Amino acid sequence: MADELSDLLREFDEVMEDFDRGPACQYKQHLEELKRKVGHSVYDSGIDELESASTSPASSLNSSEEDLNTPANAYPSKAKLGDTQELEEFIADLDKVLEGLEALAMDQKGYRRGSFQSSTSDEDMLEIAGASLDFSMADDDPPLDREMGGFSSYDGGGMNGTSTMMDFLEEPLPGVGTYEDFNTIDWVREKSRDRDRHREITSRSKESTWALIHSVSDAFSGWLLMLLIGLLAGSLAGLIDISAHWMTDLKEGVCLAGFWFNHEHCCWKYNTTFTDRDKCPEWKSWSQLILGHGEGAFAYILNYFMYVIWALLFSLLAVLLVKGFAPYACGSGIPEIKTILSGFIIRGYLGKWTLIIKTITLVLAVSSGLSLGKEGPLVHVACCCGNILCHLFTKYRKNEAKRREVLSAAAAAGVSVAFGAPIGGVLFSLEEVSYYFPLKTLWRSFFAALVAAFTLRSINPFGNSRLVLFYVEFHMPWHLLELVPFILLGIFGGLWGAFFIRSNIAWCRRRKTTKLGKYPVLEVFVVTAITAVLAFPNEYTRMSTSELISELFNDCGILDSSKLCEYVNDFNSTKGDDLPDRAAGPGVYTAMWQLALALIMKVFITIFTFGMKVPSGLFIPSMAVGAIAGRLLGVAVEQLAYYHHDWAIFSGWCSQGADCITPGLYAMVGAAACLGGVTRMTVSLVVIMFELTGGLEYIVPLMAAAMTSKWVADAIGREGIYDAHIRLNGYPFLEAKEEFSHKTLAMDVMRPRRNDPPLTVITQDSMTVEDVETIINETTYSGYPVVVSRESQRLVGFVLRRDLIISIENARKKQDGIVSTSIIYFTDHSPPLPPSSPSMLKLRSILDLSPFTVTDQTPMEIVVDIFRKLGLRQCLVTHNGKLLGIITKKDVLKHIAQLANQDPDSILFN
């Protein structure tokens, strides 16, 4: 027997040589102490007098972190091995220890691979489809398979030992602490994790130069990520702008000098005026290309036919790509981004396939001539860039709250490239989409928006050194009396916004609840056909919406040959570059009729277009409606001032021959009013519009119109278009801007209600693995309260369903002796059990010991504020320390909907 033990000790020496570094080195001191005691007992005291440590080898290996830091001499010898049988059992235990050590040594050398593969794809992260679980994680290294756990222990007491209780979750398991799809993150837990991580890095930075470098790189990584997001978002925006401009012109003709040139670029070297642009020799319409001439009815019909065919081709290709490869690429994306930023998880919505398909289909949708814009979807594209680039940095990849800070900055970059307004982008992110916006995120949003705008300016997609097609500059001051028509435009914008929201939501609800929603391709085909057929005869609807807005914003100059600038010229009264107010010519009156028809078409066709299964933004169509109305009103006021300059309202400031009224300014104010009425933006809207004009003197008209439109629209309906779509889709979004004014208590909202089954709970030390698995299989809750016992109902903590599933499955695979009858403990210590009992499973490390609790008499006003400001998933309700029930975010949303006389069951994700 002594020889056998000597061989084991020599093998022990060989194994210990493998543990020079790595996590296993912490066991070395205890194992060497054990070896010393065993060896001393064998060779000096004899087998009959062999003394053993009170803690067995297996127990030493499986002890908690605190135990491992205890000195070896803290384990005094208490028991003696008095016979050969007991020594044989001890040797068998030591054999198991050596097997586990060898397996761990191989892991450290990289000879074995864990069952969890590393992944960096956002779409592979922790998805649950049906009952199958995928625990793949985006970790830096595959975690170790701790197959050395769960050995039967020896405590020096002969056959009367106790079963091992092993907390195998001292090291985090893949998937523990993460979230399922369509669930809400725990903001408090995520922020706490980040603070712990930062505290650890800071403390280590004082230990070595390498740790200091790591600390600096960790601090710098956020700015590097913003730089990458700005570069990628700006580049994609430039690509989308150039492609959409070319494909829009492709519907009307092609450039012979190079088919990749759009109409404007093709004719740059030929100094043509606006009216003669179709006579550029290198640009050929489809009738000129096919028939050889562009005049006559047949040529018009052929051009008409080609326009409709190209529009249908582009839109069908867009909807088929969305339906086949990335269903999340449809719509504007802003309602979903608002929901994601509030803490909701929609896997794949910001993934690589969504980014690729949305970028391609956005170009196709805009080029098809549908009444939609690319500005809203650019926010979605920028957020996709941010989410994908987050996977390059561990602290953003593994922390959902930190990732949402990045997405807030990415949204700012998206608006920055959409409108060429970096400051407006930051304010848009703060005012409209972000749920949690600390000061650090403000700075980084500003930096990301700056880099994105600089990148787009470097690409120069429109060839005019501007970031947008409809950049304008006005130089004439406005008069105080003009506030009256500006406010009228604000009223129109508010009425249009409220009308559009109600009509669009009604149509989208009909699409959801009828067979119409089952045929998205047919719907896109029909709407595109109607749009193209109605748009071609009118030159203001035939051109792209961005070009239309650019022409409406334009302040007429001497060389302008647009119909909108066909005034009766009196050059004797011209002073310098400024043209006086002039009588409208026949071209202006023709343009007014065409614009009036375009306004009617845009108002109604946009209702049916927004929400189809193609990328569709609402900024540009809303601005177009307002710009048309503003231009019509501006021309009307201009002509009124020209013909009646002696009226009292004009005599003081608008004399004959003066340039008093700027119709383009009215168009800009109207655009801001309509966009504000639909989205309910105020501050960010005004800043975006003044960044578009490059002048600060028009801030007051813009503010007056934006506030008036918001007041009028709010008087009719409180929700903006994005909030209305959030409610329509049943996203669990708790609006921070609304006040809760009802006098209800927590006990009125909590579950279980009267006549409901009792609350499902888990006890801390009396339930088996089978009991817990039964609860998991029979319920769909995302977590369970843990209590002392069913009788006392004293609250201990809260455990997430996902963490339980992962922990139990891993314990069955990695820990010997875990069976259905094994007791699960959420306590620090366990009572001794008979030797015949199965191994116990300790899961205290996945237990949240500080869940948020309120008493049953807490006013719901306070509970709602807690949910909003802390971003809670659930809150437990107690009475005198005893658990009564639970309030989830969905319960709060249902309660608010019920009090607002809405269907509470509509607060379900669909």
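Per chain, the residues get numbers from 1 upward, laid out in the order the sequence is written. pLDDT decides what is reported in this predicted model: residues at 70 or higher carry local features, side-chain atom pairs at 80 or more are listed and counted, and totals for whole chains, interfaces and linings draw on all residues regardless. Just so you know, side-chain values use all the structure's heavy atoms and leave hydrogens and water out.

Right, let's get into the pairing of strand β10 (residues 783–787). On a regular strand, one side chain projects to one face of the sheet and the next to the other, so that they alternate. With a 1.4 Å probe rolled over the protein chains alone, any residue whose accessible area is under 20% of its type maximum counts as buried; one over 50% counts as exposed, and the rest are partly exposed. Numbered from the N terminus, helices here are DSSP runs of H or I no shorter than four residues, and strands are runs of E no shorter than two. Of all five residues making up β10, five are buried, and the element is well covered by its neighbours. What you see with β10 is no split at all: G783, P785 and V787 on one side and Y784 and V786 on the other are buried throughout. Strand pairing is defined by DSSP finding a minimum of two bridges between the two strands. Where strand β8 (residues 762–763) and β10 come together, two bridges link them in parallel fashion. The residue of β10 that forms the bridge with I762 is V786.

It is worth spelling out unusual backbone geometry at this point. Along the chain, R751 connects to P752 via a cis peptide bond; the corresponding omega equals 5°. By the secondary structure assignment, P752 is in the loop between α29 (746–749) and β8. In the Ramachandran plot, R680 falls in the positive-phi region, its phi being about 65° despite a non-glycine side chain. Along the chain, the position of R680 falls in the loop between α25 (663–679) and α26 (683–693). Phi at N880 takes a positive value of approximately 55°, unusual for a residue other than glycine. Here N880 is to be found in the loop between β15 (874–879) and β16 (882–888). Classification of N880 by relative accessible area gives exposed; the value is 64%.

Before going further, it helps to spend a moment on the packing of aromatic side chains. Only rings of Phe, Tyr and Trp enter the pairing, Trp through its six-membered ring, and a pair is recorded when the two centres are within 6.5 Å. The plane angle decides the type: under 30 degrees is stacked, over 60 is edge-to-face, the rest tilted. Per the counting criterion, the structure on display carries 23 aromatic pairs. Between W223 and F447 the ring centres are 5.7 Å apart and the planes differ by 75°, which places this aromatic pair in the edge-to-face class. Here the residue W223 occupies a position in helix α7 (residues 209–250), and F447 occupies one in helix α17 (residues 439–459), the gap between them amounting to 224 residues. With a relative accessible area of 32%, W223 lands in the partly exposed category. Taken together, the ring pairs in this structure connect W246, F259, W260 and F261 into an aromatic cluster. Note on criteria: charge over ring means Lys NZ or Arg CZ within 6 Å of the ring centre, with the direction from the centre no more than 35 degrees off the ring normal. The ring of W223 carries the charged tip of R444 above its face, separated from the ring centre by 5.4 Å.

Our focus in this paragraph is the side chain of S416. Among the secondary structure elements, S416 is positioned in helix α15 (residues 400–419). For this analysis, residues touch if any pair of their heavy atoms sits within 4.5 Å. Excluding its chain neighbours within four sequence positions, the residues that come into contact with S416 are A421, P422, G425, A449 and A453.

A word on the nonpolar core. The term nonpolar core refers to a set of buried residues drawn from Ala, Val, Leu, Ile, Met, Phe, Trp, Tyr and Cys, joined through side-chain atoms within 4.5 Å. In this structure, L225, F419, F553, V614, M623, M689 and I887 are the most contacted members of the largest nonpolar core, which totals 164 residues. Among the elements that line this core, the one with the most residues is α25, at 11 residues. Discounting residues that sit within four places of it in the chain, I887 has contacts with A746, V749, M750, M860, V863, F867, Q874, C875, V877 and V892. Formed by 21 residues, the second largest nonpolar core is a distinct cluster that contains I762, M767, L804 and L843.

Read these as layout, nothing more, since geometry by itself doesn't imply function.
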